[in-house]
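# Fold and geometry: a report
Below are the chains, spelled out letter by letter.
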Amino acid sequence: MDKKQFTERLKKIDVKNKGVISLYNEISALAMELGLSSAGKASERNAYYLSMEFLIGRSFYNNLMELGVLEQTSEILAEKGIDINVFEEIEDAALGNGGLGRLAACFLDSAAGLGLPLHGYGIRYKYGLFKQAIKNGFQIELPDDWQRFGDPWSVRRENEKRTVIFADMSVTAVPYDMPVFGKRTNVLRLWQAEGSAEAQKISEYLYPADDTEEGKILRLRQEYFFSAAAVGELIEKHIKKHGRNFESFPQYNAIQLNDTHPVLSIIEFIRLLTADYKVNFSDALEIAKKTFSYTNHTVLPEALECWNADIVKKILPDIYALLIKIHLKQKDELTRLNCTREELADMAIYTSNGFSMANLALYVAKTVNGVAKLHTEILKQNLFKTAYKYYPGKFQNKTNGITQRRWLMLCNGELSVLLDETIGTGWRSDVSELGKLNGYIGQIAEEFVAVKAEKKKQLFKYIKQREGVDIPDNFLVYSQVKRLHEYKRQLMTAFAILEIYYGLKDGTIKNFAPSVFIFGAKSAPAYKRAKTIIKFINEIAAIVNEDEQTNGLLKVVFVCNYNVSYAEKIIAGSDVSLQVSTAGLEASGTGNMKFMMNGAVTCGTMDGANIEIVEYAGLENNYVFGATVEDISKLKKEGYEPLKYLADPKHGKAVKTLIDGTFEDGGTGSFKELYDSLTVGASWHKADNYFVLYDLESYVNALLKINGDYKDKNSFAEKQLKNVANSAYFSSDRTIKEYADEIWEISDAF
Ligand SMILES: *Cc1c(COP(=O)(O)O)cnc(C)c1O
């Protein structure tokens, strides 16, 4: 099928009496036919991205765009009286939690766009990330039954199913292939678990609660399940093409492990070679060392996975035995290098907490990478210091990126057209051409203001429909949208809003440009304090939005069920990107990059990729505040006393709203607990573990400075445009080229 035939068949579709869902399925199926009819040749050498999460979002518009038929489809549907936006009723496939899963989706998009053979392996969860509802200000979780709309973008490959064996059951892994369209068509293969009721549970939920032993076992099964299915298949494919010459496996295959979740694939790989094909252990390990690479995504200790040895022994006895063997082998090697006892303990695979997936990855992986410059430095100097001493050559940095196809072309057609008119359309295929915009900043400031105003209008209309909150057209938009976590410090923004609100009421803040603060965030269901912060923000929104003295100047909205599709709208319509994590704790961030590309200035700390964003777009075009990594480590050494910051009446008043009866927590005592966590410390953490009170004052000042600067519309628009013009570095096309050249050694020559 070619585009012309697609158009003809689309015209023939009878839309009468058809619901949105069946129309969606019909058009999607037609587009699949178009896309798959031109699937390119297989490549000799391929890279594989193993990831527990792929946060794809809506496929419909993106795939039509990649196939070059989005405009035609929109026009033909319009002739039939249908607005193409009706398919927004079809909810996102949310097979991921946040940044890590969205990165995986951006990477696949960029690789296909560049013609690079990179394929994904993951799990086809029946239920993705929960849908968030808000009741009385509290988060409620509802199951995300995304398949109820059908799944027209996947193909079930019945005859490529495999068996994954656990000590107590065997599970059928059935692949579902989602094509990734672009310059070449790659595949995201998601495994679905079938068999007994127990077996099916493995692919039922993304992140089952793992606070019980049962939950932990299920999580381990998930990780092993997709890892084993993936490497088992790759080894079989290799044998079909190249015989049992496993020495050549790394010549044809590169495997990237997205965080520690798929690290057991290393052990499964060695198990298959040694047990099924009689390769000796040392040779198998050497082959693995040339095949696997590992990306670290976080320095938070609670996220570094360790598997309890008894659990592993019980459900995966062969894997257990190999883990012990590899542990001893590493120990032996390191001992011969005169490693100290402490160093050995630090790098051990078998630790007192169980099997350390990170240490296993550090030992075997060909390369280890962090996801922003600062983060990689922290890995080398801090978290993985000892491993860096013994394996310095493994460490690399690969600063994250985002795909400009979804995050600019698709979500901001208006800005894209302005770019086309200003610098030509070359940036659409070669994103580095965005840099040309630097020569036109002053000339198009006014047009940019108009584009931003239009995107805000669309956003406010959508927010009105979904959340019922009115935001007047000309408001300045500050946005903080991301997972809810204490280190991301949504709480600090909440306090800052209260200070501004009280300042407006008592007249100490004057000439304030009318502004709205938009939050979007899901909290992990079991993360009580994060849920309390959501409630707190909703309480603030309720009071602020109803206060007639100030609500012509200040509004607060917490949008419900933040996801990729909501992100597309919020990001295009924002002026200011709030990226305020405690320095050293946000590995990279990718939300910050999406905002930058859409012309929002960053108001942020010197953390993660913010540092590089500011480097590229200029310090003078962004707003940096707060403690640096060095400041924080000094504070920790010298002793940090948050209480003294409460002595300032402005901060004191804002923070004490948690306990002085200003707000209601529904009798749960959770606001008091939150207050205690800041002032006296709670559950193993010190008081104000994330330095909220330390940075609060400089944060409020930065927000007010922005507010003042915004009044000069054109000069503010110039700052915003400087961000757009220098955002090419943050395209995942750049990131993927680096992975392709420096780790995977793949190219688009096939
Ligand atoms: C980009 C994105 C994220 C990651 O945001 P950060 O600000 O980098 O944490 C999370 N969720 C969704 C839906 C996204 O699109």
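An account of the accompanying structure is given in this report. (Residues numbered from 1 in each chain as written. Predicted model: local features only at pLDDT ≥ 70, side-chain atom pairs only at ≥ 80, totals over all residues. Heavy atoms only, no water.)

Below, the discussion takes up empty space enclosed by the protein. Counting across every chain of the model gives 5 cavities of 30 Å³ or more. Space inside the largest cavity adds up to approximately 240 Å³. Elements with a minimum of two residues in the lining of the largest cavity: β2 (54-57), α3 (60-66), α5 (99-114) and β9 (169-180). Counting residues per element, the lining of the largest cavity draws most heavily on α5, at 4 residues. Partitioning the lining of the largest cavity into residue classes produces 10 nonpolar, 4 polar and 4 charged. (1 Å grid on protein atoms, 1.4 Å probe; cavity = no way out; pocket = protein on both sides within 12 Å on 5 of 7 lines; lining within 4 Å. Points joined across faces, edges and corners; volume = space filled by probe spheres on them. Helix = DSSP H or I, 4+ residues; strand = E, 2+ residues; numbered from the N terminus. Nonpolar A, V, L, I, M, F, W, Y, C, P; charged D, E, K, R; others polar.)

Further remarks concern the environment of P117. Relative to the elements of secondary structure, P117 occurs in the loop between α5 and β4 (118-123). Each C-alpha atom, one on P117 and one on E421, is 33 Å from the other, the two residues being 304 residues apart in sequence.

The next thing to look at is the site of the ligand. The ligand sits among 15 residues. The nearest are K482, K488, T590, G591 and K594. Between K488 and the ligand, the recorded distance is 2.8 Å, taken from a side-chain N or O atom to an oxygen atom. G591 is positioned such that a nitrogen or oxygen atom in its backbone is 3.0 Å from an oxygen atom of the ligand. Mapped by element, the contributors of at least two residues to the shell around the ligand are α5, α22 (564-572) and α23 (591-597). (Near = heavy atom within 4 Å. Polar contact = N/O pair within 3.5 Å; in protein donor to acceptor, adjacent residues only side chain to side chain.)

On inspection of all chains with the given rule, the structure shows 33 aromatic pairs. Taken together, the ring pairs connect Y24, F60, Y61 and F87 into an aromatic cluster. Above the ring of F166, the side-chain terminus of R221 is found at 5.1 Å from the ring centroid. (Phe/Tyr/Trp six-rings, centres within 6.5 Å; stacked < 30°, edge-to-face > 60°. Lys NZ or Arg CZ within 6 Å of the ring centre and 35° of its normal.)

As a further point, take the environment of K290. Relative to the assigned elements, K290 resides in helix α10 (residues 281-291). For the pair formed by K290 and A254, sequence separation is 36 residues and the distance between their alpha carbons is 8.2 Å. Among all residues touching K290, those that are not within four sequence positions of it are P250 and K366. (Contact = heavy atoms within 4.5 Å.)

If you trace the 3 strands from one edge of the open sheet to the other, you get β13-β15-β14, paired in antiparallel fashion. At either end of the open sheet lies a strand with only one pairing partner, and these are β13 (306-307) and β14 (350-351). (Pairing = 2+ DSSP bridges.)

Once that is clear, we can look at the nonpolar core. Generally speaking, soluble globular proteins have nonpolar side chains that are buried together. Among the nonpolar cores identified, the biggest contains 195 residues, and F87, F166, F225, I326 and W744 are the most heavily contacted of them. In contact with F166, not counting residues within four places along its chain, are V171, I202, R221, Y224, F225, I315 and L316. A494, L504, L578 and Y623 belong to the second largest nonpolar core, which has 64 residues in total. (Core = buried A, V, L, I, M, F, W, Y, C linked by side-chain atoms within 4.5 Å. Buried < 20%, exposed > 50% of the residue type's maximum accessible area, 1.4 Å probe, protein only.)

Keep in mind that these numbers describe shape and distance, not what the molecule does.
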